[in-house]
Amino acid sequence: MADDSASNIARDLRAVFGRLYRRFKELSDNQGLTPSQASLLSRLGKEGDASASALAAAERVRPQAVVPTLAALQERGLIQRRPDPADGRRQLISLSPAGRTMFQGAQQEGDEWLTKAIQDRLTPAEKQTLAEALTLLERLTD
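Residues numbered from 1 in each chain as written. Predicted model: local features only at pLDDT ≥ 70, side-chain atom pairs only at ≥ 80, totals over all residues. Heavy atoms only, no water.

**Some thoughts on the overall build of the protein**
Link 1 in the chain: Looking only at helices and strands, the protein features six helices and two strands.
Link 2 in the chain: Along the chain direction, N to C, the helices and strands of the protein fall in the order α-α-α-α-β-β-α-α.
Link 3 in the chain: Relative to its length of 142 residues, the protein is extended, with a C-alpha radius of gyration of 18 Å against a globular reference of 14 Å.
Link 4 in the chain: With the principal axes as the frame, the protein shows a C-alpha extent of 50 × 40 × 25 Å.
Link 5 in the chain: Counting every position in the protein, which comprises 142 residues, the buried fraction comes to 23%. (Helix = DSSP H or I, 4+ residues; strand = E, 2+ residues; numbered from the N terminus. Rg over C-alpha atoms; globule rule 2.2 N^0.38 Å. Buried < 20%, exposed > 50% of the residue type's maximum accessible area, 1.4 Å probe, protein only.)

**Points about the nonpolar core**
Burial of nonpolar side chains together is a common tendency in soluble globular proteins.
Link 1 in the chain: Core analysis: the biggest nonpolar cluster contains 17 residues, and Leu-33, Leu-44, Leu-55, Leu-70 and Ile-79 have the highest contact counts within it.
Link 2 in the chain: Mapped by element, the contributors of at least two residues to this core are α2 (35-47), α3 (52-59), α4 (63-75), β2 (87-95) and α5 (97-121).
Link 3 in the chain: Among all residues touching Ile-79, those that are not within four sequence positions of it are Leu-44, Leu-70, Leu-73, Gln-74, Ile-93, Ser-94, Leu-95 and Ser-96. (Core = buried A, V, L, I, M, F, W, Y, C linked by side-chain atoms within 4.5 Å. Contact = heavy atoms within 4.5 Å.)

**Topic: the packing of α2 against α4**
Link 1 in the chain: The interhelical angle for the contact between α2 and α4, taken along N-to-C directions, is 75 degrees, at an axis separation of 10 Å. Regarding the angle of α2 to α4, the classification is roughly perpendicular. For the pair formed by α2 and α4, the contact residues are Ser-36, Gln-37, Leu-40 and Leu-41 on the first element and Val-66, Thr-69, Leu-70, Ala-72 and Leu-73 on the second.
Link 2 in the chain: Taken together, the residues of the contact of α2 with α4 sort by class into six nonpolar, three polar and no charged. (Axes fitted to C-alpha atoms, helices over the stretch in contact; angles between N-to-C directions. Parallel < 35°, antiparallel > 145°, perpendicular 65-115°, else oblique. Nonpolar A, V, L, I, M, F, W, Y, C, P; charged D, E, K, R; others polar.)

**Points about the pattern of salt bridges**
Link 1 in the chain: Evaluation of the coordinates by the stated rule reveals seven salt bridges.
Link 2 in the chain: The residue Asp-49 makes a salt bridge to Arg-82 at a minimum N-O spacing of 2.2 Å. In this pair, Asp-49 sits in the loop between α2 and α3 while Arg-82 sits in strand β1 (residues 79-84), placing the two residues 33 residues apart along the sequence.
Link 3 in the chain: For Asp-49, a relative accessible area of 37% puts it in the partly exposed group.
Link 4 in the chain: Salt-bridge contacts for Lys-116 lead to Asp-120; the nearest nitrogen and oxygen are separated by 2.5 Å. One end of the pair is Lys-116 and the other is Asp-120, both in helix α5 and four residues apart, which spans about a single turn. (Salt bridge = Lys/Arg side-chain N within 4 Å of Asp/Glu carboxyl O.)

Structure below.
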């Protein structure tokens, strides 16, 4: 059973990340993408080419669940498919030029807002504390 301080931290952390997530969503114009579509587009933008099964595993969903999402992204011209050179039975999925433009625009807006917020609202000591906290947060996700 978790102690009270860990439970409180977990609750507060979830709330802060929820607000941060919503702020990023407000800033980015997903141009009508569903959350699942935006997530796959973002993952491909950050991690590069992937198979449908690798994307499903990374998103923690069944491979069948990404099929309609990928089809919708392809229909909008945001992704492209090509045979995997290592395994001709598989296809690799990547961002199309239009998908890359959409991903980079959304990422840049969020990065600019967060950079300005950190610069304007935090003292140098708080910036250092935040940088150190990132290491701990990264460890929680491993």
